[in-house]
Every structure is written in structure tokens, then in C-alpha cells.
Amino acid sequence: MIFKRLALAAFCTVLGFSVMNAQLAPPVYSSADIYMQLKKLNVLGSVLYIAAHPDDENNGFLPYLAKEKLYRTGYMSLTRGDGGQNLIGSEQGIELGMIRTQELLAARRIDGAEQYFSRAYEFGFSKNADEALRIWDRQKVLSDVVWMIRKFQPDIIITRFPGDARAGHGHHAASSIIAQEAFTAAADPNKFPEQFQYGVKPWQAKRILWNGFNFGGNNNTPGGPGIFQMEVNILNPLIGKSYGEIGGEARTMHKSQGEGRPRRRGPITESFQTLNGEAPKTDLMDGIVTDWSRIPGADGIQGRINTITNAFRLDQPQASVPALIDLYRAIKALPAGNWRDQKLAETQQLIEACAGFFAEATTSQENVVQGDTLRVSFFFNERYKIDAGLKHIRLENFDSSLNTPLPQNANVTINKILPVPADKKISQPYWLVYPQQESMFDVRDQMLIGKAENDPSFEAIYTVNLGGEDFTIRRPVYYKFVDPAKGELYEPLPVLPRAEANFTKENFISLNGAPVRVTTRVKTNSRSAQNISYMLGPTQKFQTHDSKTTEGDMDRDVMHVYEPVAKMDNYREEVSLTPATPDVYLGSTRTISYDHIPTITYFAPAKANLVKLNIKTVGKRIGFIPGAGDKMPQALEQLGYEVKILKEEDLNTANLAQYDAIITGVRAYNIFEYLTNKNDVLSKYVENGGNLIVQYLKSNQVGLKRVKVGPYPFSVNAGSRVTEENAKVEFLLPQHPVLNYPNKITDQDFEGWVQERSTYQAENVDPHFEAPFSMNDTGEKPANGSLITAKYGKGVFTYVSLVLFRQLPAGVPGAYRLLANIIALSKSK
């Protein structure tokens, strides 16, 4: 059972059908797909590729392994990419990690590999492996990789990075160090012996290699004696694409990182350096048996598969069903084991595909609620003339024996309304069920570790007889609907709590000691939910005279008034909710929806920040130009500013004159070419007395075109950043207005920052600029490019690489005060 779901997932990803819409859908296989999988049945080799993040994988090499060499191929990313930046929306942290998880799965559906993770949280850019391994729980991460090696049983392991500074990122180097340690530890019965009770055993891969890379400004391709090289960009005639083309399509799924890539054609050479084990000489699999002779008692299986493959008819795949059923029975008779179980599942899937058998389980409900009902439709169609019959259906507490024939190309539908158990688990991603511990997710079920996502909330289990053999066929229950523009769509079916309560905002701000109105919201998802009540958690720095127990009605907001009581100027305190009745879930349903991935549902915990700010603001009207997604407009409104979202057509001299400041979102200049084209207009706005505030750019270049930003030149260095969130900040210009007007900025304003200080700092700045701050990570030289500002005409231009986009949602008081001062620069004397 430990390998069964992995085997099924492997088959569904390896068949090479074109998937440019990476939404969920029942797999459909062409005869070319089936033929490729028949050839794969005779290949018993496996590769596990290990790196640190989503997008670290070699997207041109994975499809070569999976679709050319036909190896079982997995990619293990230590993290889900939670700490990165988001090019397509405002999601950060765990929400961004969920997006990138689904982007990786979308890429795997294209390149044919499988996807795995450790429990490590991506806490942001790290400059060395020692820091990464210190912040992560090194032993837990090592345990996770050992677990996956023992479970996957790869013949070879490949790392994307070397374990030193050449990796260019502390997480990158750490992933290589951990992989090399796991290579040895996985074979040691004394390392993590608690894993053996879950069905794994020690496993020694033949070798571990480093696959060189050339991206991100780093060209680290191994060379010299002992380096193994191979050409991988081969045209696959069954797919009609080369692996560079497939890799371009797969990498383009990383849309939240702006990783759209071309379909590459022409030679691509991959280089490998052996890190441990016997080095390959002629092939990556040198010295490894990759056929059926590696399984005792499997004599004759290889020949049977060759016979079936040679006799396969593209125009009549159903003709192969009898021989495949005989093969299935022969494999089933072998002793259970990793490869036997893998190939048995692949053979069953081939039988289903060759027989033209289609089955699904769907509902017209977008979600279901604990204790309510599920309307489900079981659908079957046997499209070829195969002796087929439906014998059994099981789903949750529904269990029915049948004897229903499945005539050729006849639709058979069985509709049921089933009760949903009151204790059915809600659809919280498994790594978020328990609170995060520092930079590790808390996963307490060993069998979940490594999995990319939850199992389906509901799974229909069918017993179907095809050609005289009974098969157990599993289908997830999907929400199925037809969109007028997109056509037939399938989405995951989430389970919701009967009722939920949460705060309506992330941050509630007390301005200058005034009471703050905190709102909570009750939402009932079921009419049967009753006596919904909850309590406000205790606070030390704020007090409320409201009743601690609150009863809620459907979709009702409840107001609570808090007063700051601590004798401090600026601070924040987290407040939470606690249950008073069992029917209420303390959290709220959140959905994340993008066209390139399935809809994500999770449940945000019931907590918020209470923030006391002693703050003055100057100016009233702010024009905001959205970028890659941040929550600054909401923060501005909480400070009392009027915010207008600006579009390209709004950027003209007459219209801009009404605003006290124009602020651009993060990476806006890298996303919108019109900002470069409108640079003269924006500079004129500054010259006339305006205040233009530009949040960080990733680069001064977009393709071959240079970004024009501001009235004076400066460059942006992607490698210049301060990743230590508590790094000392030096005030180089203590009398500068940004430090004094209208709020006096002190060291306290840089306390409590999260993840990092500054990213993509300015360098090579024009002499007109002033740089009020200096900061650096431990052991590095001070840098003063985190904020640069210059007067131009009657106004002011400011470039800000301080990560305000992270600090404001986190309720960091100093970030609000500093932002108010930046906005006031054009009004200062």
C-alpha cells in the first residue's frame, strides 16, 4: 500500500499527452502515449533529482529522463517556495507556497516526473548553507530526504547544485549537502530506524551526481577529468517535440516567478560530476540492472512485454487487452516489492487505456460541508467492444455490489446523495494542520511526509471486470462544471466546516492611542449549524470591555473595541479566537484561483495583529500603480490616506497633479513596459512638485530593453540584499527629512521586522541621490542602497528596496511610520 498511490501517480504523469492547460481533468491517452508506456514497462530504472525550491529543477532534463530513457523520475524540492516574491498576485508566505506547489505539479504533468517535498519552510534568501541549515531543523530535513530515498528507492540521485558558495544561494548549497548526507544515511540501518515500521528499508543508491547549471548569473558547469556529459535535447517522434521544447512548456508553469521560457531546439549538453559512489563512464545507469532480471522469478516478463509492444496496433489498441491481462496476472504472481508493485499498477493503467475504459466521479457542488450531503455522479463508458462490467462501488459510507454490464460506448450513470460524516476532516493542506515551528512545518503523520498535496477529500473505489479480470479502479470526486468561455472544467472538492469565525483584517491599527474597532465575522456553511459562539483570546497590551463570549449569526460582523494600555509608543500584539461551542471552526475559508493551476482551498487561522501607532501623516491623496502584488494600498488606507489605483491611461501630467504621492508596487517597472515609456511624464510630475516612490525593481533590464525609472540614473543589483531581518541599521544622514518628518525614526522602528531588511538594492547611483541608511548582513560590507532619494525640480523621487511589502502585512509599526515619512518628503523643508 505504501507504493500504490505513487505508482498510479507515476503512470498518470509519464504518458506524454500534451498538457498546456494544467487544470485537473481525467487523463486521456493516445495510442502514441500507450506505445511509449508499453516500452516503459521494460525499464526498471529510477532517478531522484534533489534541489531547494520550485524552479530549481532542470526542466529540459527531467522529461529526457522520464520520456526518453523511460526511467521513473522524481523531483524533490526541499521547500515549497513560500518565502519568494509573487509576480502574479499579492499572496505571500504559505499562500505563495501553495501556489508554487501546484505550479510544480502542473510542470510535472507536462514533463512526466513526480513531485515531492520535505517539511522545510522557505524563509527567504540565504547567503550561505550554514545559515540555512541552522534555521531549518537539519536533522528533520535530512530525515525527510532519507525517508523519500527509502520510499522511492532511486538507482541514482542527482543534485542541482554543489554544496558550496558556487550554488549562489544558501538553500541551494544546503540541498546538496543534505542530499549527499542522505545518500549515505539512507543505507544505514542505524539512521532514522523509526522509519522502518512504515514499510521502508535501508536503500543504497548506486551514485550521487551534481548536474551543473548556468542560470541566475552563475555558470557552474562541471568540467575537466571525470566529468560525464550527455546530449539530451532529442526529438521524441511519439510526442512531436524535443525535450527542450517540453522543458520550456513545463518551466512556463512557474508563472508566479515569471519563469515563462521558450521551447528550446538544438543541442543541449548536460554535465555531471560524481559526488559519491562509482562514477559513470558510458551511461548514467552504468552498473545498474534496469530490466526485469533485477526481480527474482520474473523470467519471461521482458519477452512478453516485447511481444505485446511489437504487436501493438496504433489503430486498434484494444487488440492488446487480452495479452496485457495475461501479463498483469503474471506480474501479480510475483512477490510484492517496489518494482513489482510499480509495474503492476502501470500494467493495469495500460489495460484501462487500451480498453478505452472511462470512469469518473463528479459532483455539481463546489464544496461540501461537514454533516451535510454530497450529490455524486458515478459515470462509466467502455468505448471499445470489450467484455466489461461494473461489480462494486464504494465511497465513504456508501458500499454497493452491482452486476451492471458496460456495453460498447454506452454511458452508464449512477447518481447518489450521500451523507457527509460530521467529523469528516476539512480540506486543510496537511502541512498546515498544526502551527508552523520556526522554519519547519509540523507534520505528525510519517506517511504524509514527502507528499506534494493531500489525497482527495473523497475517492470512489470501483471494482470493474475487464476481459475476465477484476480490477480495483480509484477515481477522486471532482467538482465538475462548464464555463462558457473555458468549457468543461474539473476542480478539487473541498470539505468546509459547518461554521467558521475569524477576524476581518490582518491588522487593526490604533492611531495615536485612539481605541481601535476590531471586527470578527461568523460564516455558517450549513443550516444545521447552531449555537455558534467563540471567545476573544487574552491580550496584555490592549484591553477590551466587550463580552468575551460572542454569538454569531450567518454572515454577521461583530464589533469589538480595544484600547491600547501599554506605556509604549509603538507596538503590536497578536489576538486570537478560542472556541466556546464545538460547531465553530476558528478560521476562515480562503481560496486562491489562477487559470494555470487548480483552485486552492485552505483555512486561515483566527488571528490578527493589534497595532498601536504614534504617527503623523502629511498629504492625503495617493495614486498607486500595482506591481507584482503587494498589500500596500490597504495599509495606506488604514493610515487615513485616500488611495486611487492608477492605470496606464491615468498617467498624464494633468491627472497626476492631484496626488500628493505616486507609489509603484513591487516590480511594477519589470512587469509594465508602459512605465518606462511614461518615465518622462512621471518625472515631469516630480519636477512640478510631486513625490514618486518606486518600490524595488528586480533588474534595470527587461529582455534587451533597459528600464527607465526616475529622473537620475542608478542600477539595481539582484545580488545586493540584506537578508538578516535584525541587521543593524545605521543612520548616515541623521538630519535627513526621511528620519525626522513628520515622525522621528529611531532604532525601535527597525525592530520586529520579518524575513529580511532589503532586496535588490540600488548601486552606481547618480550624485543627486542621498542615501540615509546603511546596513549589511554579518560578515559583509555595509551597503547604502536600501533607500535612495533625490530632489528634482520642486519634487522628490525615491527608490525603496526596503521590504515594506513584507513588513506592512505583518503589522510592523516602524514600517508604517517610515512609509509616512517617505510620502511626506516632497512636503518637507
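For the structure, check the block above.
Reference entry: report on the structure contained in this document. Model, not experiment: these values are computed from the prediction.

**So, the pattern of salt bridges**
Pairing is possible between side chains of opposite charge, provided their charged atoms come close.
Stage number 1. Under the counting rule described, the total for this entry stands at 40 salt bridges.
Stage number 2. Ionic pairing is found between Arg119 and Asp144, a salt bridge with its closest N-O pair at 2.8 Å. Taken as a pair, Arg119 in the loop between strand E3 (114–117) and helix H5 (129–135) and Asp144 in helix H6 (residues 138–152) lie far apart in primary sequence, 25 residues in all. Neither Arg119 nor Asp144 differs from the other in exposure class; each is buried.
Stage number 3. The residue Glu488 makes a salt bridge to Lys480 at a minimum N-O spacing of 3.4 Å.
Stage number 4. A relative accessible area of 46% means that Glu488 is categorised as partly exposed.
Stage number 5. Beyond isolated ion pairs, a larger network of salt bridges with shared partners links Asp55, Arg251, Glu259 and Arg261.

**A word on the environment of His254**
Stage number 1. Mapping His254 onto the fold places it in the loop between helix H8 (243–251) and strand E11 (269–277).
Stage number 2. Note on His254: relative accessible area 0%, which makes it buried.
Stage number 3. Taking the C-alpha atoms as reference, His254 lies 45 Å from Glu563; in sequence the two are 309 residues apart.
Stage number 4. Not counting the four nearest positions on each side in its chain, His254 is found in contact with Pro54, Asp55, Glu57, Glu103, Leu104 and Glu259.

**Considerations on the packing of aromatic side chains**
Stage number 1. Enumeration over the complete set of coordinates arrives at 34 aromatic pairs.
Stage number 2. Their ring planes at 85° and their centres at 6.0 Å tell us that Phe378 and Tyr462 sit as a pair that is edge-to-face. Residue Phe378 is found in strand E14 (residues 373–382), and its partner Tyr462 is found in strand E18 (residues 459–466); the two are separated by 84 residues along the sequence. For the pair shown, Phe378 and Tyr462 are each scored as buried.
Stage number 3. An aromatic cluster of at least three residues, connected via ring pairs, comprises Tyr49, Phe61, Tyr64, Tyr75, Tyr243 and Phe272.
Stage number 4. Note that Arg757 overlies the ring of Trp753, its terminal NZ or CZ placed 5.3 Å from the centroid.

**Overview of the sheet that holds strand E36 (residues 691–695)**
Stage number 1. Pairing is mixed across the open sheet formed by 6 strands, whose spatial order is E34-E33-E35-E36-E44-E43. Two strands in the sheet have a free side with no partner beyond their single neighbour: strand E34 (642–645) and strand E43 (787–792). The sheet shows a mean angle of 20° between the axes of neighbouring strands, taken without regard to direction.
Stage number 2. Sheet topology places E36 next to strand E44 (residues 795–800); 5 bridges connect them, and they run parallel. Of the residues in E44, the one forming a bridge with Val694 is Tyr799.
Stage number 3. Contacts from helix H18 (residues 813–823) reach strand E33 (621–625), strand E35 (661–664), E36, E43 and E44, with the element oriented near 140° to E36.

**Observations regarding the packing of helix H2 (residues 31–40) against helix H11 (residues 338–354)**
Stage number 1. Orientation of H2 relative to H11, taken along the N-to-C sense of each, is 155°, at an axis distance of 11 Å. It follows that H2 is roughly antiparallel to H11 by the angle criterion. Handedness of the H2/H11 crossing: left-handed. Residues Ile34, Gln37, Leu38 and Lys40 of H2 touch H11, and the partners they reach there are Lys343, Glu346, Leu350, Ala353 and Cys354.
Stage number 2. Its residues assigned to classes, the contact of H2 with H11 shows 5 nonpolar, 1 polar and 3 charged.

**Here we look at empty space enclosed by the protein**
Stage number 1. All chains considered together, the criterion is met by 1 cavity of 30 Å³ or more.
Stage number 2. Estimated volume of the largest cavity: approximately 50 Å³.
Stage number 3. Around the largest cavity sit Gly84, Gln85, Asn86, Gly89, Ser90, Glu91, Gln92, Gly629, Val666, Tyr696, Phe805 and Arg806, which together line it.
Stage number 4. Here the lining of the largest cavity is built from residues that sort into 3 nonpolar, 7 polar and 2 charged.

**Notes on the nonpolar core**
Stage number 1. Grouped together as the largest cluster of nonpolar side chains are 88 residues, with contacts concentrated most on Phe61, Trp136 and Leu284.
Stage number 2. A total of 8 residues in this core trace back to one element, the largest contributor, which is H6.
Stage number 3. Leaving out residues up to four positions away in the same chain, Phe61 has contacts with Tyr49, Ile158, Asn211, Met230, Val232, Glu270, Phe272 and Leu284.
Stage number 4. Of all hydrophobic cores here, the second largest spans 56 residues; its members include Leu344, Phe357, Ala361 and Val477.

**Let's talk about the side chain of Gln153**
Stage number 1. Of note, Gln153 is situated in the loop between H6 and strand E4 (156–159).
Stage number 2. A residue is classified by how much of its surface remains accessible, and Gln153, at 9% relative accessible area, is buried.
Stage number 3. In this structure the side chain of Gln153 is engaged in a polar contact, spanning 3.5 Å, whose partner is the side chain of Asn338.

**Quick look at helix H3 (residues 61–68)**
Stage number 1. Where burial is concerned, most of H3 is hidden: 7 out of the 8 residues are buried.
Stage number 2. Along H3, the positions that sit buried rather than exposed are Phe61, Leu62, Pro63, Tyr64, Leu65, Ala66 and Lys67.
Stage number 3. At the C-terminal side of H3, Leu70 shows a positive phi close to 65°.

**Topic: unusual backbone geometry**
Stage number 1. Pro742 follows Tyr741 through a cis peptide bond whose omega is -5°.
Stage number 2. Looking at where Pro742 falls in the secondary structure, it is placed in the loop between strand E40 (729–731) and strand E41 (761–763).
Stage number 3. We note that Asp55 has phi near 85°; this positive angle belongs to a residue other than glycine.
Stage number 4. Positionally, Asp55 belongs in the loop between strand E1 (46–51) and H3.
Stage number 5. Among the residues examined, Asp55 registers a relative accessible area of 13% and is labelled buried.
Stage number 6. A positive phi is found at Asn764, a non-glycine position, where the angle reads about 50°.
Stage number 7. By the element assignment, Asn764 lies in the loop between E41 and strand E42 (773–775).
Stage number 8. Relative accessible area serves as the criterion here: at 65%, Asn764 is assigned to the exposed category.

**Let's talk about the environment of Asn531**
Stage number 1. Along the chain, the position of Asn531 falls in the loop between strand E24 (516–524) and strand E25 (533–536).
Stage number 2. Under the relative-accessibility criterion, Asn531 is labelled exposed at 62%.
Stage number 3. C-alpha separation for the pair Asn531 and Ser457, spaced 74 residues apart in sequence, amounts to 27 Å.

**Concerning the sheet that holds strand E5 (residues 207–211)**
Stage number 1. An order of E3-E2-E1-E4-E5-E11-E8 is seen for the 7 strands of this open sheet, with the pairing classed as mixed. Because the sheet does not close on itself, it has two edges, and the strands there are E3 and strand E8 (227–231). The mean inter-strand angle of the sheet, taken between neighbouring strand axes irrespective of direction, is 30°.
Stage number 2. Where E1 meets E4, 4 bridges bridge the pair, whose relative direction is parallel. Bridge pairing in E4 links Tyr49 to Ile158.
Stage number 3. The strands that helix H7 (residues 170–185) touches are E1, E4, E5 and E11; relative to E11, the one it contacts most, it runs at about 50°.

Calculation notes
Residue indices begin from 1 for each chain and proceed along its sequence in written order. Residues qualify for local features only when their pLDDT is at least 70, as the model is predicted, and side-chain atom pairs are given and counted only at 80 or more; totals for whole chains, interfaces and linings, by contrast, use all residues. Side-chain metrics in this entry use all non-hydrogen atoms of the structure; hydrogen atoms and water are not considered. Put simply, a salt bridge is a Lys or Arg side-chain nitrogen that is within 4 Å of an Asp or Glu carboxyl oxygen. Helix numbers and strand numbers start at the N terminus; a helix is a DSSP run of H or I with at least 4 residues, a strand a run of E with at least 2. Remark: exposure states derive from per-residue accessible area (1.4 Å probe, protein chains only) relative to the maximum for the residue type, with buried under 20%, exposed over 50%, and partly exposed in between. Should any heavy atoms of two residues lie within 4.5 Å, those residues are counted as being in contact. Each pair of aromatic rings taken from Phe, Tyr and Trp, with Trp reduced to its six-membered ring, is defined by centres within 6.5 Å and is described as stacked if the planes are under 30 degrees apart, edge-to-face if over 60, and tilted in the remaining cases. Remark: a charge is flagged as sitting over a ring if the NZ atom of Lys or the CZ atom of Arg is within 6 Å of the ring centre and within 35 degrees of the ring normal. Two strands pair if DSSP finds at least two bridges between them. Inter-axis angles, ranging from 0 to 180 degrees, are taken between N-to-C directions of lines fitted to C-alpha atoms, where helices are fitted over the stretch in contact. Here is the rule for angles: anything less than 35 degrees is roughly parallel, anything more than 145 is roughly antiparallel, 65 through 115 is roughly perpendicular, and the remaining ranges are oblique. Crossings are classed by handedness, with left-handed meaning an anticlockwise turn of the near helix from the far one by less than a right angle and right-handed meaning a clockwise turn. Residue polarity is assigned by list, with Asp, Glu, Lys and Arg as charged and Ala, Val, Leu, Ile, Met, Phe, Trp, Tyr, Cys and Pro as nonpolar; anything else, Gly included, falls into the polar class. Buriedness of a pocket was judged along seven lines, with at least five required to meet protein on both sides within 12 Å; pockets are open sets of points on a 1 Å grid over the protein atoms alone, cavities are sets where a 1.4 Å probe fits but cannot get out, and lining residues have an atom within 4 Å of a point. Grid points are joined across faces, edges and corners, and a volume is the space filled by probe spheres set on the points. In this text, buried Ala, Val, Leu, Ile, Met, Phe, Trp, Tyr and Cys residues form a nonpolar core when linked through side-chain atoms within 4.5 Å. Definition of a polar contact: a pair of N or O atoms within 3.5 Å, with one able to donate and the other able to accept a hydrogen when the atoms are protein atoms, and with sequence-neighbouring residues admitted only if both atoms are side-chain atoms.

These values are about where atoms sit, not about what they do.
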